[in-house]
Amino acid sequence: MASCCNPDIFTWIQSLPPITQWRAGSMSICICSSPTSSHPSLNFSVTKNLENSSLSISIFADFNLPVPLWASKPLTINSKSSKLFDEATISCLTINVIKDVLNYGSNKKNPLIRFPKLESISGFKDIFNLAFLTLALLICIYEAPADLRSACLNSLKNQLTRCQSRVASKSLMKLLGSNLEEQWMRSLNLAITNWIAEIQATHRGLMMKTPSPLFSYAIATFGFWKVQLYCPVMAMDLVNSSNPCADERLLFSLNYHQLEGVIQFNYKVIVQEKWVDVMVNIDNIRCDIKRLVNETLLNERGVGADDKHFPSRISLQLTPTIQCNILSVSVSKSTDNPTREIGLERSIETSFDPPNTFLGLKVSAGETTTVSMKPWKFEQSVDGYSGTLHWFLHDSIDGREVVSSRPSKLSLINPKAWFKDRYSSVYRPFTRQGGVIFAGDDYGERIWWKVDKSAMGKTMEWEIRGWIWVTYWPNKHRTFYTETKRLEFGEILHLNIC
């Protein structure tokens, strides 16, 4: 494995002397290196161009003959600035890096990116380093020679999953805004998917944890909690499958999607005479399966965009991390006591047997029972001082939970089965795009804790843990293959008791 250099690229370029003091035409720093001298390193380089007073930034593999892997647009040198990289130059370079990350995705539109003054952006150094390391990871996946790729990918992954990088990722997403954030994550997770596919193709096996520490973040403001998460379907844990799938085209369509989730809660702190009520209400729970490549490629190499996973179960657990001040926890939804609609359809069938039989007449009776139900069942539960919210998708024909069952072969070939044309049917349990939204209008239930008044004036932590299951049953493609995968994530949210 490559040794982790943990380069601080931002500090390094800020400390570069004026180009008149350079002894060579370029200066470089190692991004990641191999423990053996026989393997190359991945380097970051700044090159001067005196003819037009500009700088060029590049990433190259340091073989005996350097192999260029990426180059920035020329950066104009400001002769009036005391720094080689002043604010305008740094801003141009940052936008260049972000655009090149986005260009590795399927959306090739040139985005408009605007930043406020860098001095007003808290922690900009870490944001810049994160953006640059993300670009280096993508370059390593797509461009780096085989001798360099494996070792440096692990090194870059370790750097990107550090706590410091996680904090910076939240700041970068806020800086980009929601639309560019989604493009960024699709570009990154497309690269991750290709990386996993390459490892699997070489039969070296894949031991990769769900990347939630890298691809999820939480925001807590007064009265509002939000968790945003992204995960490539290919990186999710396999829960069950009907059999090994030999259909490479189907696997391409299934694998080249990502799960995008948004968890939003509203909360209130109400001071009572002898205790404090902390009430948490569902605002929005959204879960979508989005494609990572364009529809043309899904049609050419896969079986189209309509055959993909769908959400089949979601569980969210909220727990105060320090419980010495907690008095009780309650939920607002009772155990379901559903109304059962029974329609009786009685029938009698008769037939005559041959003359030598004992009775000579057969009589049979039948009765049909009809039950009315919603496809999604919502439940709440309590475990200690943890409150948990559950959503289960049920088969509309037999009422079984989809996540823990498999359709019969007869239903798999039945064109009128509920999961056929599931994104266009008027009775679909999903949005037309294939996701689900649970909002306060239908799922406005809450969890509330009674907290001792000794907690007044303190900041308390709540841990949110979540599990999302996605299932594939055939839609338009003819196959008997089915599977279910699962994602697990966890974040810490803060709440002021005042």
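Our subject is the structure listed above.
First things first, this report covers the structure right here in the doc. (Residues numbered from 1 in each chain as written. Predicted model: local features only at pLDDT ≥ 70, side-chain atom pairs only at ≥ 80, totals over all residues. Heavy atoms only, no water.)

**Looking at the state of the cysteines**
Selection criterion: We call a pair of cysteine sulfur atoms a disulfide whenever their separation is within 2.5 Å. Working definition: helices are DSSP H or I runs of at least four residues, strands are E runs of at least two. Numbering for both runs from the N terminus. Buried residues are those whose accessible area, probed at 1.4 Å on protein chains only, stays under 20% of the maximum for their type, while exposed residues exceed 50% and partly exposed ones sit between those limits.
With the rule as written, the count across this model stands at one disulfide. The partner cysteine of Cys32 in its disulfide is Cys152, sulfur to sulfur 2.2 Å. On the S-S bond that ties Cys32 to Cys152, the torsion sits near 120°, and the link is right-handed. Of this pair, Cys32 sits in strand 2 (residues 26–33) while Cys152 is found in helix 4 (residues 146–160), placing the two residues 120 residues apart along the sequence. Both residues of the pair, Cys32 and Cys152, count as buried.

**A look at the sheet that holds strand 9 (residues 237–241)**
What counts, and what does not: Pairing between strands requires that DSSP locate at least two bridges from one strand to the other. To get an axis, fit a line to the C-alpha atoms, keeping to the stretch in contact for a helix; angles then go from 0 to 180 degrees between the N-to-C directions.
The strand order 9-21-20-12-17-16 describes an open sheet built from six strands, whose pairing is antiparallel. Lying at the two open borders of the sheet, with one neighbouring strand each, are strand 9 and strand 16 (376–383). With strand direction ignored, the average angle separating the axes of adjacent strands in the sheet is 20°. With six bridges joining them, strand 12 (residues 310–320) and strand 17 (residues 386–393) adopt antiparallel strand pairing. Looking at the pairing, Ser315 lines up with His390 of strand 17.

**Details of the pairing of strand 19 (residues 446–452)**
A regular strand carries its side chains on alternate faces of the sheet. Sheet analysis places strand 11 (residues 275–291) next to strand 19, joined by seven bridges and oriented antiparallel. Across the sheet, residue Asn281 finds its bridge partner in strand 19, namely Arg446. Judged from the five bridges that link them, strand 13 (residues 326–331) and strand 19 form a sheet pairing that is antiparallel. By the bridge assignment for strand 19, Ser328 is matched with Lys450.

**Some words on the packing of helix 3 (residues 124–142) against helix 5 (residues 163–176)**
This is how it is decided: Under this scheme an angle from 65 to 115 degrees is roughly perpendicular, one under 35 degrees roughly parallel, and one over 145 degrees roughly antiparallel; angles in between are oblique. It only takes one pair of heavy atoms within 4.5 Å for two residues to be counted as in contact. Residues are grouped as follows: Ala, Val, Leu, Ile, Met, Phe, Trp, Tyr, Cys and Pro are nonpolar; Asp, Glu, Lys and Arg are charged; every other residue, Gly included, is polar.
Relative to each other, helix 3 and helix 5 sit at 95°, their axes nearing to 8 Å. Here helix 5 runs roughly perpendicular to helix 3, going by the angle between their axes. Residue-level inspection shows Asp126, Ile127 and Leu130 of helix 3 in contact with helix 5, the latter providing Gln164, Ser165, Ala168, Ser169, Ser171, Leu172 and Leu175. Of the residues in the contact of helix 3 with helix 5, the class split is five nonpolar, four polar and one charged.

**A look at helix 2 (residues 87–103)**
Since the α-helix advances by 3.6 residues per turn, residues separated by three or four positions end up pointing in the same direction. For clarity, the cut-off: Helix span, as expected, comes to 1.5 Å for every residue beyond the first.
Here helix 2 contains 17 residues, and its C-alpha end-to-end distance of 24 Å stays within 8% of the 24 Å for a straight helix at 1.5 Å per residue. Of all 17 residues in helix 2, 12 are buried, a share of seventy percent or more. Taken together, the buried positions of helix 2 are Thr89, Ile90, Ser91, Leu93, Thr94, Ile95, Asn96, Val97, Ile98, Asp100, Val101 and Leu102.

**Structural notes on the packing of aromatic side chains**
Condition: Pairing of aromatic rings covers Phe, Tyr and Trp, the last through its six-membered ring, and needs centres within 6.5 Å; plane angles under 30 degrees mean stacked, over 60 mean edge-to-face, and all others mean tilted.
Applying the stated criterion to the full structure yields 19 aromatic pairs. On the basis of an interplanar angle of 50° and a centroid distance of 5.1 Å, the ring pair of Phe310 and Phe430 is categorised as tilted. Of the two residues, Phe310 sits in strand 12 while Phe430 sits in the loop between helix 10 (409–412) and strand 18 (436–439), which places them 120 residues apart along the sequence. A residue is classified by how much of its surface remains accessible, and Phe310, at 0% relative accessible area, is buried.

**Looking at a nonpolar patch on the surface**
This is how it is decided: Residues enter patches when their relative accessible area tops 30% and they take part in no salt bridge; the joining distance is 9 Å for like charges and 5 Å for the nonpolar side chains Val, Leu, Ile, Met, Phe, Trp and Tyr. Areas reported as accessible are Shrake-Rupley estimates using a 1.4 Å probe. Residue values count occlusion only from the protein chains shown. Should a side-chain nitrogen of Lys or Arg be within 4 Å of a carboxyl oxygen of Asp or Glu, the pair is scored as a salt bridge.
Together, Leu410, Ile413 and Phe480 make up an exposed nonpolar region whose accessible area comes to about 350 Å². By the secondary structure assignment, Leu410 is in helix 10. Residue classification places Leu410 among the exposed residues on the basis of a relative accessible area of 65%.

**Examining the pairing of strand 7 (residues 216–221)**
Across six bridges, the pairing between strand 7 and strand 8 (residues 224–232) is antiparallel. Residue Tyr217 lies in a different strand from strand 8, and its bridge partner there is Gln228. Counted along the chain from strand 7 to the antiparallel partner strand 8, the turn is two residues long, and its residue Gly223 has a positive phi close to 85°.

**Considerations on the pattern of salt bridges**
What the rule picks out here adds up to eight salt bridges. Between Glu198 and Arg149 there is a salt bridge, and its shortest N-O distance comes to 3.0 Å. On the criterion of sequence distance, the pair formed by Glu198 in helix 6 (residues 178–201) and Arg149 in helix 4 is long-range, its members being 49 residues apart. Residue class for Arg149 comes out buried when judged on its relative accessible area of 17%. One salt bridge in this structure joins Arg186 and Glu260, with 2.7 Å as the shortest N-O distance. Note that Arg186 is positioned in helix 6 and Glu260 in strand 10 (residues 257–271), a separation of 74 residues in sequence. What makes Arg186 partly exposed here is its relative accessible area of 23%. The class of Glu260 is buried, set by a relative accessible area of 6%.

**Quick word on the nonpolar core**
Quick reminder of the rule: Grouping buried Ala, Val, Leu, Ile, Met, Phe, Trp, Tyr and Cys residues that are joined through side-chain atoms within 4.5 Å yields what is termed a nonpolar core. Throughout, the edges of the domains are those of an automatic or database domain assignment.
Residues Ile13, Phe85, Phe265 and Trp391 are the most contacted members of the largest nonpolar core, which totals 127 residues. Here this core gets 14 residues from one element, more than from any other, and that element is helix 3. Viewed by domain, this core spans two of them, domain 1 (1–203) and domain 2 (213–335 + 368–497), each represented by three or more residues. When sequence neighbours within four positions are dropped, the list of residues in contact with Phe85 reads Ile13, Gln14, Leu16, Val46, Leu55, Ile57, Leu75, Ile90 and Leu93.

**Quick notes on the side chain of Thr134**
Keep this limit in mind: Counting of polar contacts relies on pairs of N or O atoms within 3.5 Å, with two restrictions inside protein: one atom must be capable of donating a hydrogen and the other of accepting it, and residues adjacent in sequence are counted only when both atoms are side-chain atoms.
Within the element layout of this structure, Thr134 appears in helix 3. Under the relative-accessibility criterion, Thr134 is labelled buried at 4%. Among the polar contacts listed, one links the side chain of Thr134 to the backbone oxygen of Leu130, at a separation of 2.8 Å. What Thr134 contacts, discounting residues up to four positions off in sequence, is Val101, Leu160, Trp184 and Leu188.

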